[in-house]
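Architecture and fold: a report
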Amino acid sequence: MDFKNAKELLALCEERKLCISDVMRRREIEEGEITGETCDARMKKAYEIMRESARVPIKKPGRSMGGLLGGEAKMLSDWQQGDGQGKSLCGPVLGRAVAYAMAVLETNASMGLIVAAPTAGASGIVPGVLLALEEQFHFTEAEMIQALYNAGAVGYLAMRNATVAGAVGGCQAEVGVASAMAASAAVELLGSSPKACLDAASTVLMNLLGLVCDPVGGLVEYPCQNRNAAGVAVALTSAEMALAGVPQLIPLDEMIAVMYNVGRRIPAELRETALGGCAAAPSACEACGKC
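Described in the following lines is the structure provided in the data block. Remember, it's a predicted structure, so these values are computed and weren't measured experimentally. (Residues numbered from 1 in each chain as written. Predicted model: local features only at pLDDT ≥ 70, side-chain atom pairs only at ≥ 80, totals over all residues. Heavy atoms only, no water.)

1. Re the overall build of the protein
Note the threshold: Numbering of helices and strands runs from the N terminus, with a helix taken as a DSSP run of H or I at least four residues long and a strand as a DSSP run of E at least two residues long. A simple rule labels every residue: compare its accessible area, found with a 1.4 Å probe on the protein chains alone, to the largest value its type can have, and call it buried under 20%, exposed over 50%, or partly exposed in between. Any two residues whose heavy atoms approach within 4.5 Å at even a single point are treated as in contact. Surface exposure here means Shrake-Rupley accessible area, sampled with a 1.4 Å probe, where a residue is shielded only by the protein chains that are shown. Charged residues are defined narrowly, with Lys and Arg counted positive, Asp and Glu counted negative, and His plus the chain ends left uncounted. Think of each charge as sitting on NZ of Lys, CZ of Arg, CG of Asp or CD of Glu.
Of the regular secondary structure elements, the protein holds 13 helices and 0 strands. Going from N to C terminus, the protein has its helices and strands arranged as α-α-α-α-α-α-α-α-α-α-α-α-α. C-alpha atoms of the protein, sized along the principal axes, occupy 55 × 45 × 40 Å. Expressed as a percentage of its 291 residues, the buried residues of the protein come to 51%. A fraction of 75% describes how many contacts in the protein between residues 6 or more apart in sequence connect residues 24 or more apart. Accessible area for the protein stands at about 12900 Å²; split by element, carbon and sulfur atoms hold 56% of it. Counting 25 positive and 32 negative side-chain charges, the protein places the averaged centre of each group 1 Å from the other.

In structure tokens form, the structure reads like this:
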């Protein structure tokens, strides 16, 4: 049941009449030599951690270890539920997704427990999107676990054929891949085809192509939190396009290759070294103590 690329994944889906999450689940069971119950239990645990990491900072915000984050997710949530009612530009799904994504980054920056999906710096996007969809459409826990298998398949393809490391490919490899994972999972949750899922993932990578990695002070705090918020917007936009049947000219395999090639050409100063981009802005240097 293994697959090396998106083309092989789609072929398995068509041949076995399965969705992406089912193929990925069977792969994990076979490759890991574990039972389905054990595999599902692990995924359930991951989703529980995602829930906790997204909700605690909204209820009880705290400062991050580097001092650059603290309370932003709660501010956004309070705005949406208070003065922003009737004025919020994002709507319930995107609004919640953004708040949850920002909250997970606060948890991570405060040494809390998160799920790297696929990395710590992009850990808010998958839970942000999935939790917002679960609340809006009342999906079951079993459906959410299946969505994680789908997201995992896209992450696996990116790791196998390119990179998910900001130090190698810039933030397009972190926020970009996380957003692609979330978009694909969202499309499956809403009942569309495996091809539509991967079209959504490809669209995400296209729209985040070239995104640099420039953490202020070398910390996974800022602008990481803001980019997780933007990532969920790109994920949901791309998913909406795929659900509407908007065609994607470039298949996911090619887009992953494009992303990798672009990433390798991003200057070292813009690949997690904190030597350029936002990290070199005077205000950013002042905020982190001119480190």
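2. Some thoughts on a nonpolar patch on the surface
Where we set the bar: What makes a patch is a set of residues exposed beyond 30% relative accessible area and free of salt bridges, joined within 9 Å when like-charged and within 5 Å when nonpolar (Val, Leu, Ile, Met, Phe, Trp, Tyr). The term salt bridge refers to a pairing of a side-chain nitrogen on Lys or Arg with a carboxyl oxygen on Asp or Glu at a separation within 4 Å.
Residues Phe137, Leu190 and Leu243 make up a contiguous nonpolar surface patch of about 240 Å² in total accessible area. Here Phe137 lies in helix α6 (residues 125-137).

3. Considerations on the packing of aromatic side chains
Threshold: Think of it this way: a Phe, Tyr or Trp ring, Trp meaning its six-membered ring, pairs with another when their centres are within 6.5 Å, and the plane angle makes it stacked under 30 degrees, edge-to-face over 60, tilted otherwise. Note on geometry: a ring has a charge over it if NZ (lysine) or CZ (arginine) is within 6 Å of the ring centre and within 35 degrees of the ring normal.
Scanning the model with the defined rule gives 2 aromatic pairs in all. With a centroid separation of 5.9 Å and 45 degrees between ring planes, the pair formed by Phe137 and Phe139 is classed as tilted. Under the relative-accessibility criterion, Phe137 is labelled partly exposed at 41%. Since its relative accessible area comes to 14%, Phe139 is described here as buried. Seen from the ring of Tyr156, Arg27 lies directly overhead, with NZ or CZ sitting 4.1 Å from the centre. Seen from the ring of Tyr260, Arg264 lies directly overhead, with NZ or CZ sitting 5.4 Å from the centre.

4. Focus: helix α10 (residues 194-207)
The line we're drawing: Working rule for helices: expected span equals 1.5 Å times residues minus one.
Between its first and last C-alpha, α10 extends 20 Å over 14 residues, near the 20 Å set by a 1.5 Å rise per residue. Most of α10 is tucked away: 10 of the 14 residues are buried. The set of residues buried in α10 consists of Ala196, Cys197, Leu198, Asp199, Ala200, Ala201, Ser202, Thr203, Val204 and Leu205.

5. Structural notes on the side chain of Thr107
Quick reminder of the rule: Two N or O atoms count as a polar contact when they lie within 3.5 Å, although within protein this holds only if one can serve as hydrogen donor and the other as acceptor, and sequence-adjacent residues are included solely when both atoms are side-chain atoms.
Here Thr107 lies in helix α5 (residues 91-109). Polar side-chain contacts of Thr107 include one of 2.7 Å to the backbone oxygen of Ser53. Look past the residues within four positions of Thr107 in its chain and what remains in contact with it is Ser53, Pro57, Gly112, Leu113 and Ile114.

6. Notes on the environment of Val168
In this structure, Val168 sits in helix α8 (residues 166-169). Owing to a relative accessible area of 35%, Val168 belongs among the partly exposed residues under this scheme. Excluding its chain neighbours within four sequence positions, the residues that come into contact with Val168 are Thr163, Tyr260, Gly263, Arg264 and Arg271.

7. Considering the nonpolar core
For clarity, the threshold we go by: For the purposes of this section, nonpolar cores are sets of buried Ala, Val, Leu, Ile, Met, Phe, Trp, Tyr and Cys residues that join through side-chain atoms within 4.5 Å.
Within the largest apolar cluster, 87 residues are counted, with the highest numbers of intra-cluster contacts made by Phe3, Leu9 and Leu130. In this structure, Leu130 is in contact with Tyr47, Met144, Ala147, Leu148, Ala185 and Leu189, ignoring residues within four places of it in sequence.

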